[in-house]
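Letter by letter, the chains look like this.
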Amino acid sequence: MNRSANPSGRPSVVIVGAGPRGTGLIERIAANAPEVLGDLPFDLPFDLHLVDPHPPGGGRIWRAGQSPLLWMNSTAEDVTMFTDESVDLDGPVRPGPSLAEWARAVRDGEIPVAPGLADALAELGPRDFAGRRLQSAYLSWVYERSVAALPPTVAVHEHRQRAVRVSGPRDGRQQVHLAGRPTPLPADLVVLTLGHLEAELTPEERELTDFAARNGLTYLPPAFTADSELSALGPGEPVLVRGFGLAFVDLMVLLTEGRGGTYTTGADGQPVYRPSGREPVLHVGSRRGVPYHSKIGYEPEGERPPLPRFFGPEQVDALLARPDGFDFRRDVWPLIDKELGFAHYHRLFTAHPARTRMHWPDFEEKYAAADPGSAALQALVTAAVPDPADRLDLEALDHPLDGLRYPGAEALQDGLRRYIEADLARRHDPAHSPDLAVFLALLSVYGQLVRIGDRGPWWHGFFSYLASGPPGPRLRQLLALSRAGVVRFLGAGTTVTADPRRGVFRAESASVPGKPVEARALVEARLPQATVERTRDALLRALYADGAAATPTGLLAVAPADARILDRSGLPYPRRFALGPHTDARSGGAFARPRTNAPAFRQNDATARALLTFLRDRAAPAAPRPAAFLVRPAPTPEDTHAADQ
C-alpha cells in the first residue's frame, strides 16, 4: 500500500449491503485469503467494513422481523450458501451445510441455537419449505461462520447505516459516506452488494397515485410485499391486483391468514378456507392470467441430461465474438429453445421410452443436425413423439390462455381452477419428469447468460414463471381461497385503467371480453424495476451521475470477469465493484441449489480473488506483527441508524 494514500498503513474494504450476497462474498474472501495472500508477511492485516441498516446475514429481504407466515419458495435441501465440486471457480471449494443439513445439525445438537429457533426447526424436513425467519437464522449463522474463518488479522466492522455516496479519485483511495455519520469511511476497495432496491414511480404509477389521491382511492405501487402498508385494504372491499407471481402469493397470505383466516382439510383431502371476515376480495390478473408454475414435488431420479449441449461456453464465445453484436430474440433465444428441448427429450427418451417411436441415439443425431425452430426439427419431434402432450412447446407454455374466451366470470373461475389443479397434478407426478429436466436446463442456461450481460426483463420473467414458482401448498391454498370467493381471477391480458367519470379503477381482460371489474383499490403485486436512473438508492444514483455505465434496460454495467463497475467508455473503475440484481451480471439469487455450478458463487469467488489480489499487490512494507484479533467493535450510536434500505 502506498503510505501517502493510506497513512495508517492498514488497507480497508467496504462492502455495502450485508444480506446474503455480501455474506457470500465474505465467505469467498475467507476461503481465498490463504492462497492469494500466500507468504505475504503477517497475512496482510486489513479492515473489512460492512454497511447495512439491517442485521448481517439476512439483510433487509431475509430479515427475521417479518411475518412468520411467509415462506421460501425453495425446499430446504435446495438452498445452500456454500460451494461444492460442481462450481467452476479458481478458488478453493469450502463445503458447508444446505439449509436442510444445517437444520438437521441443529436438531442433533451439533450447532447451538436459541431454544425457540430449535423448536421451529424440529419439524423441518429436506423437502419442506422453510419460513423466511428460519432462512434468516441460517444466513446469520453462515455470516458468523464466514467471519470466523477470516484471517485473524482482519477486523470486521458493522455499520447499521445506509451508504449514500462514494467519492474519490479513479485510481486512489475511496471514501464511503454514510447517513448520519459526519466522517466517511476510507476504502481502498468498495463493493456494492445491494440486493433488491426500491424505485421511483414510473409516469404511469405517478398518474395512478395522483388519480387515487384525487378520488379518495387506494393505490399501492410495486414494492417488496412484506414492507407494504396493507391496512388501507378494508374487509370485503374489492381490490384489483396486477401481477400473479411470488409477490402476489405473499400478498394473498398476508391478507388472509395474516388477518385471522384459517384452513381446514375437506373430505377430499384438499384445504378449505375459513374466512375471518377481515379479508378483502382480491381480483387478480396479469399478462398470462395464471400463477407461476408450481415447484416440482418429486425427487430427481435416473440419468440427468448432459448439459450444456446447445447453449454452452462455445456458443456464448461465438456470440460475444460477433463484431456487430447480437439480438437476444434473433440470435440467443433459438439456442435456448433448442437447449431446453434437448433436456426435455433426453429425459423423455431415457426415462419414458414407451412414449416415443425412435431410439434415442437416432433422435439425438437428427435433433443436433436440425436448425432451432426449423420445420425439420418440428417434423422430427412429430414423428418421434406421438402424444402432443409429451412435446415441448415453449410458446404455448408462455401463453397458456391465448385464444381461450369464457362466456362469463364464473366460467373463468372454473376454468382457472381446473388449470391450477392440472398444473399441481403434473408438477407432482414423476411421469412428467421431462419438466424437471427443463428446470435443470433453465438453471444451466441462466449460468451461461451471466456472461453476456443483461438482455431485458422478458427472459427473467419467463425463467421465474417456469422455474421459480410457489410451493405446491400455496397453490392449493389459492384454490381454496378461490372456492371461498376471497380470490377472483381476471384472466389473461389484464389491463387496468383509471375511470375519471366514476372515480374508480377498472380492470378488463381478454379472457372475458366486455366484462370489466371496478374497485376503489389497486395493488401492483411485483417488485419495482429499480434502474440506476429510477432507484431510490442514493449511492447508486450518485454513481450513475458521476459516470458509471448502465445497460439499455437500466442496470449497472460491470466487467464480466470480476464485477468491476464500468464507466461509459467501457473502462472498469479499479477500486469499485458491484454484485447482484442491480447489475447486468445478475445471476438469479445469492444462494442456490446445491451441485448446480451456481453463477453467484462463481462471481463471488472471482470478485473475492480480485479484491485480495489488489490488496496483496499494493501491500505496504510489513510493520511489526500485531496481536491477532477479530472482529467487530460494539456499534456506536452513529452506527445504529435505523433507516430502512
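The rules behind these values
- The residue numbering used here restarts from 1 in each chain and proceeds along that chain's sequence as written.
- Local features in this predicted model are restricted to residues whose pLDDT is 70 or higher, and side-chain atom pairs enter the listing and the counts only when it is 80 or higher, whereas totals over whole chains, interfaces and linings include all residues.
- Computation of side-chain values covers all heavy atoms of the structure but excludes hydrogens and water.
- Salt bridge, as used here, is a side-chain nitrogen of Lys or Arg placed within 4 Å of a carboxyl oxygen of Asp or Glu.
- Only DSSP runs of H or I reaching four residues or more are called helices, and only runs of E reaching two or more are called strands; each is numbered from the N terminus.
- Exposure classes here rest on a 1.4 Å probe applied to the protein chains alone. A residue is buried below 20% of its type maximum, exposed above 50%, and partly exposed in between.
- Pairs of strands are assigned from DSSP output, requiring at least two bridges between the strands.
- The angle between two axes is taken between their N-to-C directions and runs from 0 to 180 degrees, where each axis is a line fitted to C-alpha atoms and a helix contributes only its stretch in contact.
- Two residues qualify as a contact provided that any one of their heavy atoms is within 4.5 Å of a heavy atom in the partner residue.
- A residue's pLDDT is the confidence the predictor assigns to it, expressed on a 0 to 100 scale.
- Remark: nonpolar core denotes a set of buried residues (Ala, Val, Leu, Ile, Met, Phe, Trp, Tyr, Cys) joined through side-chain atoms within 4.5 Å.
- Nonpolar side chains (Val, Leu, Ile, Met, Phe, Trp, Tyr) are joined into patches within 5 Å and like charges within 9 Å, using only residues with over 30% relative accessible area and no salt bridge.
- Each accessible area value is a Shrake-Rupley result obtained with a 1.4 Å probe; residue values ignore everything except the protein chains displayed when judging cover.
- Lys and Arg are tallied as positive, Asp and Glu as negative. Neither His nor the chain termini are counted.
- To locate a charge, the coordinates of NZ of Lys, CZ of Arg, CG of Asp or CD of Glu are taken.
- Here a helix's expected span is defined as the number of its residues, less one, multiplied by 1.5 Å.

Attention now moves to the pattern of salt bridges. Inspection of every chain in the model, using the stated rule, returns 36 salt bridges. Between Arg288 and Asp398 there is a salt bridge, with the nearest N and O atoms lying 2.8 Å from each other. Here Arg288, found in the loop between strand 14 (281–285) and helix 7 (313–320), pairs with Asp398, found in helix 11 (residues 394–398); they are 110 residues apart in sequence, far enough to count as distant. Comparing Arg288 with Asp398 shows no difference in burial state: the two are buried. The partner of Asp390 in a salt bridge is Arg355, and the shortest N-O contact between them spans 3.0 Å. On the criterion of sequence distance, the pair formed by Asp390 in the loop between helix 10 (375–384) and helix 11 and Arg355 in the loop between helix 8 (328–351) and helix 9 (360–369) is long-range, its members being 35 residues apart.

The next point concerns the sheet that holds strand 14. Sheet architecture is open: five strands sit in the order 10-19-11-14-15, paired in parallel fashion. Two strands bound the open sheet, and with one partner strand each, they are strand 10 (218–220) and strand 15 (487–491). The sheet shows a mean angle of 20° between the axes of neighbouring strands, direction not considered. With four bridges connecting them, strand 14 and strand 15 associate as parallel partners. Bridged to His283 within strand 15 is Arg488. Across the sheet, helix 5 (residues 203–215) lies against strand 10, strand 11 (238–242) and strand 19 (521–524), angled at about 155° from strand 10, the strand it touches most.

Attention now moves to the confidence of the model for the chain. Considering every residue of the chain, the mean pLDDT works out to 92; 93% of them sit at 70 or more. Taken as a whole, residues 1–7 scores under 50 in pLDDT and shows 14 contacts with residues more than four places along the chain or in a different chain.

Judged by nonpolar contacts, the single largest core of 70 residues is most densely connected at Phe248, Val332, Ile336, Leu449, Trp459 and Leu478. A total of eleven residues in this core trace back to one element, the largest contributor, which is helix 13 (residues 434–449). Among residues more than four places away in sequence, those in contact with Ile336 are Phe311, Phe328, Val445, Leu449 and Trp459.

Moving on to a negative patch on the surface. Judged by side-chain charge, Asp337, Asp393, Glu395 and Asp402 come together as a negatively charged surface patch. Along the polypeptide, Asp393 turns up in the loop between helix 10 and helix 11.

Look at any regular strand and the pattern is simple: side chains alternate between the two faces of the sheet. Extensive coverage of strand 11 is indicated by the burial of four of its five residues. Across five bridges, the pairing between strand 11 and strand 14 is parallel. In the strand pairing of strand 14, Val239 is matched with Leu282. Pairing of strand 11 with strand 19 involves three bridges; the strand directions are parallel. Note that in strand 19 the partner of Val241 across the bridge is Val523.

To continue, consider helix 4 (residues 132–148). Taking 1.5 Å of rise per residue, the 17 residues of helix 4 would be expected to cover 24 Å, and the 24 Å separating its terminal C-alpha atoms lies within 8% of that figure. Counting buried residues along helix 4, twelve of its 17 residues qualify, which places the element largely inside the surrounding structure. Regarding helix 4, the residues found buried are Arg132, Leu134, Gln135, Ser136, Ala137, Tyr138, Leu139, Trp141, Val142, Tyr143, Ser146 and Val147.

Once that is clear, we can look at the sheet that holds strand 20 (residues 564–566). Within a sheet, neighbouring strands are paired by backbone hydrogen bonds and run either parallel or antiparallel to one another. Spatial strand order, 5-2-1-9-21-20: six strands in an open sheet with mixed pairing. Strands at the two margins of the open sheet, each flanked by one partner only, are strand 5 (154–159) and strand 20. Ignoring which end each strand starts from, the neighbouring axes of this sheet average 30° apart. Pairing of strand 20 with strand 21 (residues 572–578) involves two bridges; the strand directions are antiparallel. Directly across from Leu566, in strand 21, lies its bridge partner Pro572. On the sheet, helix 1 (residues 20–37) packs against strand 1 (12–16), strand 2 (46–51) and strand 9 (189–192) and is oriented at approximately 150° with respect to strand 1.

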